[in-house]
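Okay, here's what each chain looks like letter by letter:
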Amino acid sequence: MKTQTETCKSTIASAAALVRKNAALLICLGLFTVGLGRPATAEEFPTITFDAPGAGTSAGQGTSAYSINQQGMIAGYYGDNNNVFHGFVRSPRGHITTFDVWGAGTGAYQGTYAYGSNANGAIAGFYSDSGFVYHGFVRAPDGKITTFDAPGAAGTFAANINPAGVIAGDYFDANNVQHAYIRTPDNKFTTFDARGAGTAAGQGTFTEFLDCINPDGVMTGYSVDSKNVAHGYMRDRDGYISVFNAPGAGIGPGLGTIATGIDPAGTITGVYFDAANVAHGLVRGARGDIVKIDVRGAGTGSGQGTYPGYINIRGDILGQYTDASGVNHGFARTQAGYVTTFDIPGAGSASGQGTIPGSSDPVQGITGYYVDANGVSHAFLRHCDR
């Protein structure tokens, strides 16, 4: 069972999800030749698919990869045949270690959700206990797990961790109002709310994407106001918060601007929904200029469109687009603006199926997952051309 805030978070997370070394590599996101737009061959960019041991094989189950670090370590979670969730980490050599946070529930739709990782191999995530209460955790490179709750939280979420071990996330209070937080490695919390954030259930200040805090501690996310409209924000290292909206963003309930990631230079990516609820990607420069991203082939119906979800250390963007049939496809946009699309072999071609990228590293490659024709998820690693 989910609270109103949980349902809202699940919808937004779905949206976001659906949300140099040199130019020759095209930071491994390009997957094409500069200037020609030529699709890469399988030999140039080999793809590995994998499943965590114990992953379920029914619709809604399977393995979902989310983050890859500079060493090629991949983190994510899987749902087993009983719909219980477990974390996993895959080493650069392909060995998969599964883990459960102590105290995680063992009932259906409970368990451990691993998301973000940093260069040191630490992993951030959250777990649901037997009462469907959510708590944050950080897993050290040696496997030691520390759990935590934000002050005043009725439920705590964590999904990203920067190189210094600082975790950014959000939590909801006893009234189901959302607030953002920053947690330092010594377990000190700073909580905050964006200007104009609503104070009713399902409203407030959100974050919890894979790269919403950069190495300098600058943070991004979105707020939901009293009219249930979303607005992007950026919080600098001194705590000053700037609120922004993409030109063309809708102003009705469930519409607006959602920031999903920020790179070391302060460039932000995200998605906005127009008045017809069509999704468009955005890139916001450090000076505040906003450029729209619409991937060719993206649908133009309600809920369809372009969903950037991740921006890597070089300012290159990874995401997915949903076509007119509701099928998901991966896309990558280099810092220079070149865009390519891709599908993982085995991805289903029905609505809600397809390819869903998670994150990328300029040298190691792209990770994510695909949903097959039976509705089962499988993780993938799309290597760089070395």
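Basis of the calculations
- Residues numbered from 1 in each chain as written.
- Predicted model: local features only at pLDDT ≥ 70, side-chain atom pairs only at ≥ 80, totals over all residues.
- Heavy atoms only, no water.
- Helix = DSSP H or I, 4+ residues; strand = E, 2+ residues; numbered from the N terminus.
- Buried < 20%, exposed > 50% of the residue type's maximum accessible area, 1.4 Å probe, protein only.
- Areas by Shrake-Rupley, 256 points an atom, 1.4 Å probe, with all protein chains shown as cover.
- Salt bridge = Lys/Arg side-chain N within 4 Å of Asp/Glu carboxyl O.
- Phe/Tyr/Trp six-rings, centres within 6.5 Å; stacked < 30°, edge-to-face > 60°.
- Lys NZ or Arg CZ within 6 Å of the ring centre and 35° of its normal.
- Core = buried A, V, L, I, M, F, W, Y, C linked by side-chain atoms within 4.5 Å.
- Contact = heavy atoms within 4.5 Å.
- Pairing = 2+ DSSP bridges.
- pLDDT = per-residue confidence, 0-100.
- Polar contact = N/O pair within 3.5 Å; in protein donor to acceptor, adjacent residues only side chain to side chain.

In this section: the overall build of the protein chain. When helices and strands are counted, the protein chain shows 1 helix and 28 strands. Residue burial in the protein chain is summarised as follows: out of 386 residues, 61% are buried. Accessible area for the protein chain stands at about 15,000 Å²; split by element, carbon and sulfur atoms hold 51% of it.

To continue, consider the pattern of salt bridges. This model, assessed by the stated rule, comprises 2 salt bridges. In this structure, Asp186 engages Lys188 in a salt bridge whose closest nitrogen and oxygen atoms are separated by 3.8 Å. A residue is classified by how much of its surface remains accessible, and Asp186, at 49% relative accessible area, is partly exposed. In this structure, Lys292 and Asp294 form a salt bridge, with 3.5 Å as the shortest nitrogen-oxygen distance. The exposure class of Lys292 is partly exposed, given its relative accessible area of 48%. Under the relative-accessibility criterion, Asp294 is labelled partly exposed at 42%.

This part is about the packing of aromatic side chains. Counted by the stated rule, this structure contains 22 aromatic pairs. For the pair Phe148 and Phe189, a centre-to-centre distance of 6.0 Å together with 55° between the ring planes defines the contact as tilted. Remark: Phe189 occurs in strand β13 (residues 189–192) and Phe148 occurs in strand β9 (residues 145–148); sequence separation between them is 41 residues. Of the aromatic side chains, those joined through ring pairs into one cluster are Tyr66, Tyr77, Phe85, Tyr113, Tyr115, Phe126, Tyr134, Phe157, Phe172 and Tyr369. Cation over ring: Arg90 sits above Phe50, and NZ or CZ is 4.8 Å from the ring centre. Here Arg183 stacks its cationic end above the ring of Phe148, 4.5 Å away from the centre of that ring.

In this structure, Tyr66, Tyr77, Tyr113, Tyr115, Phe126, Leu318 and Phe342 are the most contacted members of the largest nonpolar core, which totals 22 residues. Mapped by element, the contributors of at least two residues to this core are β6 (111–117), β10 (155–161) and β27 (365–371). Broken down by element, the residue count for this core peaks at 4 residues, all from β27. Discounting residues that sit within four places of it in the chain, Phe126 has contacts with Gly111, Thr112, Tyr113, Tyr115, Tyr134, His135, Gly136, Phe137, Thr156, Phe157, Ala158 and Glu208.

All right, on to unusual backbone geometry then. At Asn83, a residue that is not glycine, the phi angle is positive and equals roughly 65°. Relative to the helices and strands, Asn83 resides in the loop between β3 (74–79) and β4 (85–90). Positive phi outside glycine occurs at Asn176, with the angle close to 65°. Locating Asn176 in the fold gives a position in the loop between β11 (167–172) and β12 (178–183).

Here the focus is the pairing of strand β7 (residues 123–128). Side chains on a regular strand alternate between the two faces of the sheet. Counting buried residues along β7, 6 of its 6 residues qualify, which places the element largely inside the surrounding structure. Neither face of β7 is left uncovered, since the one carrying Ile123, Gly125 and Tyr127 and the one carrying Ala124, Phe126 and Ser128 both have all their residues buried. Of the pairings in the sheet, the one linking β6 to β7 comprises 6 bridges and is antiparallel in character. Residue pairing across strands places Thr112 opposite Tyr127, the latter belonging to β7. Taken together, β6 and the strand that follows it, β7, pair antiparallel across an intervening segment of 5 residues, in which Gly121 is found at a positive phi of about 95°. Two elements, β7 and strand β8 (residues 134–139), share 6 bridges in a ladder whose sense is antiparallel. When the sheet's bridge partners are listed, Ala124 is paired in β8 with Val138.

Most of strand β26 (residues 354–361) sits out of view: 8 of its 8 residues are buried. Where β26 lies against β27, 7 bridges are found, and the strand directions are antiparallel. Each bridged residue has a counterpart across the sheet, and for Ser359 the counterpart in β27 is Thr367. Connecting the antiparallel pair β26 and β27 is a turn made up of 3 residues.

Inspection of the secondary structure puts His378 in strand β28 (residues 377–382). Residue class for His378 comes out buried when judged on its relative accessible area of 15%. Those residues in contact with His378 that sit more than four places away from it in its chain are Phe50, Asp51, Thr63, Gly368, Tyr369, Tyr370 and Asp372.

Turning next to the confidence of the model for the protein chain. Of the residues in the protein chain, 88% have a pLDDT of 70 or more, and the chain-wide mean is 89. Ignoring residues within four places in sequence, the model shows residues 1–43, a span with pLDDT below 50, making 105 contacts including any to other chains.

Here the focus is the environment of Arg314. Secondary-structure assignment places Arg314 in the loop between β22 (305–311) and β23 (317–322). When its relative accessible area of 17% is taken as the criterion, Arg314 is described as buried. The spatial distance from the C-alpha of Arg314 to the C-alpha of Pro362 is 7.5 Å, given a sequence separation of 48 residues.

Turning to the side chain of Arg382, a few remarks are in order. The residue Arg382 is located in strand β28 in this model. A polar contact is formed between the side chain of Arg382 and the side chain of Thr47, at a distance of 3.4 Å.

This brings us to the environment of Gly198. When you line up the elements, Gly198 lands in the loop between β13 and β14 (204–206). Taking the C-alpha atoms as reference points, Gly198 and Ser223, 25 residues apart in sequence, are found 7.8 Å from one another. Setting aside chain neighbours within four positions, we find Gly198 in contact with Val177, Gln203, Gly204, Val224, Asp225 and Ser226.

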